[in-house]
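Each chain is listed here by its residues.
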Amino acid sequence: MSLEWTDEGLFARLVWSSPNYDYMIVDGVKYLPVNETGNSEFFIPVPEQPETLEVIADTVAMSTPHEVEYTITFLK
């Protein structure tokens, strides 16, 4: 994961170790991957000075799609 500042604020670029994630949900907003090949990659907003960020990622690696809850922890 890397953090990037844009005109719209702070964003995290997350690259999963699998190509099977088809969307993420952050604060009720659905985000689609920013790439079409390779491991799933997302560009999601991050609150300023976060300690943790709760996200949901949907994976299609199992027999049916599953939403999995994750907590991303930011270390200073």
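The structure we're discussing is the one just above.
Residues numbered from 1 in each chain as written. Predicted model: local features only at pLDDT ≥ 70, side-chain atom pairs only at ≥ 80, totals over all residues. Heavy atoms only, no water.

Trainee: How do you make sense of the pattern of salt bridges when you look at a structure like this?
Mentor: Pairing between side chains of opposite charge can happen when the charged atoms of each approach one another. Considering all chains together, one arrives at two salt bridges under this definition. We note a salt bridge from R13 to E4, for which the minimum N-O separation is 2.9 Å. Measuring nitrogen to oxygen at the nearest pair gives 2.8 Å for the salt bridge that ties E41 to R13. Taken together, the positions of E41 in strand 5 (residues 41-45) and R13 in strand 2 (residues 9-15) put the pair 28 residues apart, joining distant regions of the chain. (Salt bridge = Lys/Arg side-chain N within 4 Å of Asp/Glu carboxyl O. Helix = DSSP H or I, 4+ residues; strand = E, 2+ residues; numbered from the N terminus.)

Trainee: Just to check I follow, could you spell out the sheet that holds strand 2 for this structure?
Mentor: One open sheet holds the three strands; their spatial order is 1-2-5, and the pairing between them is antiparallel. Each edge of the open sheet carries a strand with a single partner, namely strand 1 (2-6) and strand 5. Across this sheet, the average inter-strand angle for adjacent strands is 30°, counted without regard to direction. In the sheet, strand 2 pairs with strand 5 via five bridges, with the strands oriented antiparallel. Counterpart to V15 in the pairing with strand 5 is E41. (Pairing = 2+ DSSP bridges. Axes fitted to C-alpha atoms, helices over the stretch in contact; angles between N-to-C directions.)

Trainee: What's the story with the packing of aromatic side chains in this structure? I'm lost.
Mentor: For any two aromatic rings, the description comes down to two numbers: the centre-to-centre distance and the angle of the planes. The full count for this structure, using the stated rule, is three aromatic pairs. Their ring planes at 10° and their centres at 4.9 Å tell us that F11 and F43 sit as a pair that is stacked. Residue F11 is located in strand 2, and its partner F43 is located in strand 5; the two are separated by 32 residues in the primary sequence. What makes F11 buried here is its relative accessible area of 11%. (Phe/Tyr/Trp six-rings, centres within 6.5 Å; stacked < 30°, edge-to-face > 60°. Buried < 20%, exposed > 50% of the residue type's maximum accessible area, 1.4 Å probe, protein only.)

Trainee: I would appreciate a short explanation of the sheet that holds strand 7 (residues 66-73) in the present structure.
Mentor: As a general point, the strands of a sheet are linked pairwise by backbone hydrogen bonds and lie either parallel or antiparallel. One open sheet holds the four strands; their spatial order is 4-3-6-7, and the pairing between them is antiparallel. Here the strands that pair on one side only, and so sit at the sheet edges, are strand 4 (29-31) and strand 7. Here the average twist between neighbouring strands, direction ignored, is 30°. For strand 6 (residues 52-59) and strand 7, the ladder comprises eight bridges, and the chain directions are antiparallel. From the neighbouring strand, T59 faces strand 7, where its bridge partner is H66.

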